[in-house]
Amino acid sequence: MYSNMPKARAGNRQIDLRSDTVTRPSPGMRKAMAEADVGDDVYGDDPTVRALEERTAELLGKEAGLFVTSGTQSNLIALLNHCGRGDEYIGGVGYHIPKYEAAGAAVLGGISPCHLHPNENGALEASEVEAAIRPDDPHFAISKLICVENTFNGRVVDQEDMLRVAQVAKANGLALHLDGARLMNAAVKSGRPAKELTEPMDSVSLCLSKGLGTPVGSMLCGSHQFIEQARRNRKILGGGMRQAGVLAACGLYALDHHIDRLEEDHEKAAVLAKRLTEIEGIEIDMKSVQTNMVWMKVVNKGSRPLSEHMMERHVIVGDPDATQTVRLVAHLDVESSDIDVIVDGFSSWLGQTNG
Ligand SMILES: Cc1ncc(COP(=O)(O)O)c(C=O)c1O
């Protein structure tokens, strides 16, 4: 997903579909940053960070929250909290933690991964999780944690599946961590309050810098005790920030203004997907288009690299990967009126219009 990504250029406005991480802070968000009351957050003095932590904990139904630099740091802190050296976590093949976080848990925590294949919506099968839990035997790593992800590739995980996994975790004394980088997309799409989705979780990571549109930051939430330990692990990872209120102000702004509007991103993705399926040579499983992501298969190929062709139209996309898949992500900075430009770009690339 990352290795074949073109780079944005300075200058003209571009329609950047690589990810929802590319959003720029809006004027309202910049105003909130400028006006933020700040203090030294490593001393616990920053009122805006504290407000964001309390607000997010409340949103996710947990006792406490911690503002951290990124989703990767948030997940890593959670793993370091839940597991020690020689412990094992159970996660899904293709989940962000085992695939895209540079094996941080193994490198820095001596924590071993056990991967199971999730179902098509990203859920782990409870019976497979149960079977993967190691017996108490010195030959084996010690199973300590189950990591789940929601949304997964833009799909909303069925809450019933989550509850079954949670039951297995509880029955076997394992902790359950949710990588909820895009949890608010799942909440908006499913119509369930975020705290209902997070109720069975011991810890939750929520990214502010994806669909919620802030420039930096994620939130880790859990019990008071968990967050105290997380504060220490954040410090170890060099993630203690000083006058971080200027960044936390963006988070508060996003929680006020950018949650309900995620529905607009879902709508843009759905319209884009529908229009693209009308182009010969493009295949999209419409069932997979549930939130802000479109995964398309390019059956035919244009005569030149897709990214080059689209860049001339000020549209940024990756080239098809080995499975001929391209991911397109709708977000705050993609307008509904951009869809025509995107669709024209694909259809001219495939030689179906002049371009
Ligand atoms: C599901 C998921 N979890 C975690 C992360 C990591 O977030 P960050 O890029 O802030 O480290 C990402 C980033 O794209 C993600 O998609």
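Residues numbered from 1 in each chain as written. Predicted model: local features only at pLDDT ≥ 70, side-chain atom pairs only at ≥ 80, totals over all residues.

**Quick word on the overall build of the protein chain**
- Per the secondary structure count, the protein chain includes 14 helices and twelve strands.
- Taken along the three principal axes of its C-alpha coordinates, the protein chain extends 65 × 50 × 35 Å.
- Scored against the burial criterion, the 355 residues of the protein chain give a buried share of 48%.
- Partitioning the intrachain contacts of the protein chain with sequence separation of at least 6 by distance along the chain shows that 74% fall at a separation of at least 24. (Helix = DSSP H or I, 4+ residues; strand = E, 2+ residues; numbered from the N terminus. Buried ≥ 20, exposed ≤ 12 C-beta atoms within 10 Å, placed from the backbone. Contact = placed C-beta atoms within 7 Å.)

**Comments concerning unusual backbone geometry**
- For the bond running from Asn150 to Thr151, omega is 0 degrees, close enough to zero to count as cis.
- Phi is positive for Ala102, close to 55 degrees, though the residue is something other than glycine.
- Position of Ala102 among the secondary structure elements: in the loop between α4 (96–100) and α5 (104–109).
- Exposure remark for Ala102: the 11 C-beta atoms within 10 Å place this residue in the exposed category.
- Not every positive phi belongs to a glycine, and His314 is a case in point at roughly 65 degrees.
- Structurally, His314 can be placed in the loop between α13 (306–311) and β11 (315–316).

**Quick look at the pairing of strand β3 (residues 87–92)**
- Most of β3 sits inside the fold, with five of its six residues counted as buried.
- As defined by bridge partners, β3 adjoins strand β5 (residues 142–149) across four bridges and the pair is classed as parallel. Bridge pairing links Glu88 to Ser143 in β5.
- Note that β3 and strand β4 (residues 112–116) share five bridges and pair parallel. Counterpart to Glu88 in the pairing with β4 is Ser112. (Pairing = 2+ DSSP bridges.)

**Some thoughts on the domain arrangement of the protein chain**
- By the assigned domains, the protein chain splits into domain 1 (15–23 + 262–349) and domain 2 (36–257).
- Taken over C-alpha atoms, the centre of domain 1 sits 29 Å from the centre of domain 2.
- Each partner contributes residues to the interface: domain 1 has 15 residues there, and domain 2 has 14 residues.
- Ranked by residues supplied to the side of domain 1 that touches domain 2, first place goes to helix α12 (residues 262–277) with four residues.
- By residue class, the composition of the side of domain 1 that touches domain 2 is four nonpolar, eight polar and three charged. (Domains from an automatic or database assignment. Nonpolar A, V, L, I, M, F, W, Y, C, P; charged D, E, K, R; others polar.)

**Concerning the site of the ligand**
- Around the ligand sit Thr21, Ser70, Gly71, Thr72, His96, Glu149, Asp179, Ala181, Cys207, Ser209 and Ser218, and that is every residue in its neighbourhood.
- Looking at the shell around the ligand, its residues break down into two nonpolar, seven polar and two charged. (Near = placed C-beta within 6 Å.)

**Topic: the nonpolar core**
- Counting 75 residues, the largest nonpolar core has Leu79, Tyr89, Ile146, Val165 and Ala249 as the members making the most contacts within it.
- Broken down by element, this core gets its largest block of residues, eight residues, from helix α11 (residues 245–257).
- Residues within four places of Val165 in sequence aside, it is in contact with Leu124, Ala126, Val129, Ile146 and Val148.
- By size, the runner-up hydrophobic cluster in this structure holds 26 residues, among which are Val289, Met296, Met310 and Leu350. (Core = buried A, V, L, I, M, F, W, Y, C linked by C-beta atoms within 7 Å.)

**So, helix α3 (residues 71–82)**
- Taking 1.5 Å per residue, twelve residues should reach 16 Å; α3 reaches 17 Å between its end C-alpha atoms and fits that length.
- Burial within α3 is extensive, with twelve of its twelve residues counted as buried.
- All of the buried residues in α3 are Gly71, Thr72, Gln73, Ser74, Asn75, Leu76, Ile77, Ala78, Leu79, Leu80, Asn81 and His82. (Expected span 1.5 Å × (residues − 1).)

**What about the sheet that holds β5?**
- Pairing is mixed across the open sheet formed by seven strands, whose spatial order is β2-β8-β7-β6-β5-β3-β4. Edge strands, defined here as strands with exactly one partner in the open sheet, are β2 (64–68) and β4. With direction set aside, neighbouring strand axes in the sheet form an average angle of 20 degrees.
- Against the sheet, helix α2 (residues 47–60) makes contact with β2, β7 (203–207) and β8 (218–222), and its axis sits at roughly 125 degrees relative to β2, the strand it touches most.
- The sheet strands contacting helix α10 (residues 224–236) are β2, β7 and β8, and the helix crosses β2 at an angle near 20 degrees. (Axes fitted to C-alpha atoms, helices over the stretch in contact; angles between N-to-C directions.)

**Some thoughts on the sheet that holds strand β9 (residues 282–284)**
- Pairing in this open sheet of three strands is antiparallel, and the strands run β9-β10-β12 from one edge to the other. Sheet topology places β9 and β12 (325–329) at the edges, where each strand pairs with a single neighbour. Averaged over all neighbouring strand pairs, the angle between strand axes comes to 35 degrees, with direction disregarded.
- Bridge analysis of strand β10 (residues 293–298) against β12 gives five bridges, and the strand direction is antiparallel. Residue Met293 lies in a different strand from β12, and its bridge partner there is Val329.

**A look at helix α1 (residues 27–35)**
- Residues Met29, Ala32 and Met33 constitute the buried set of α1. Down the axis of α1, the sector holding all buried residues measures 100 degrees, keeping them to one side. The exposed residues of α1 that point more than 90 degrees off its buried face are Pro27, Ala34 and Glu35.
- Buried residues along α1 sit against α11. (Arc of directions from axis to C-beta.)

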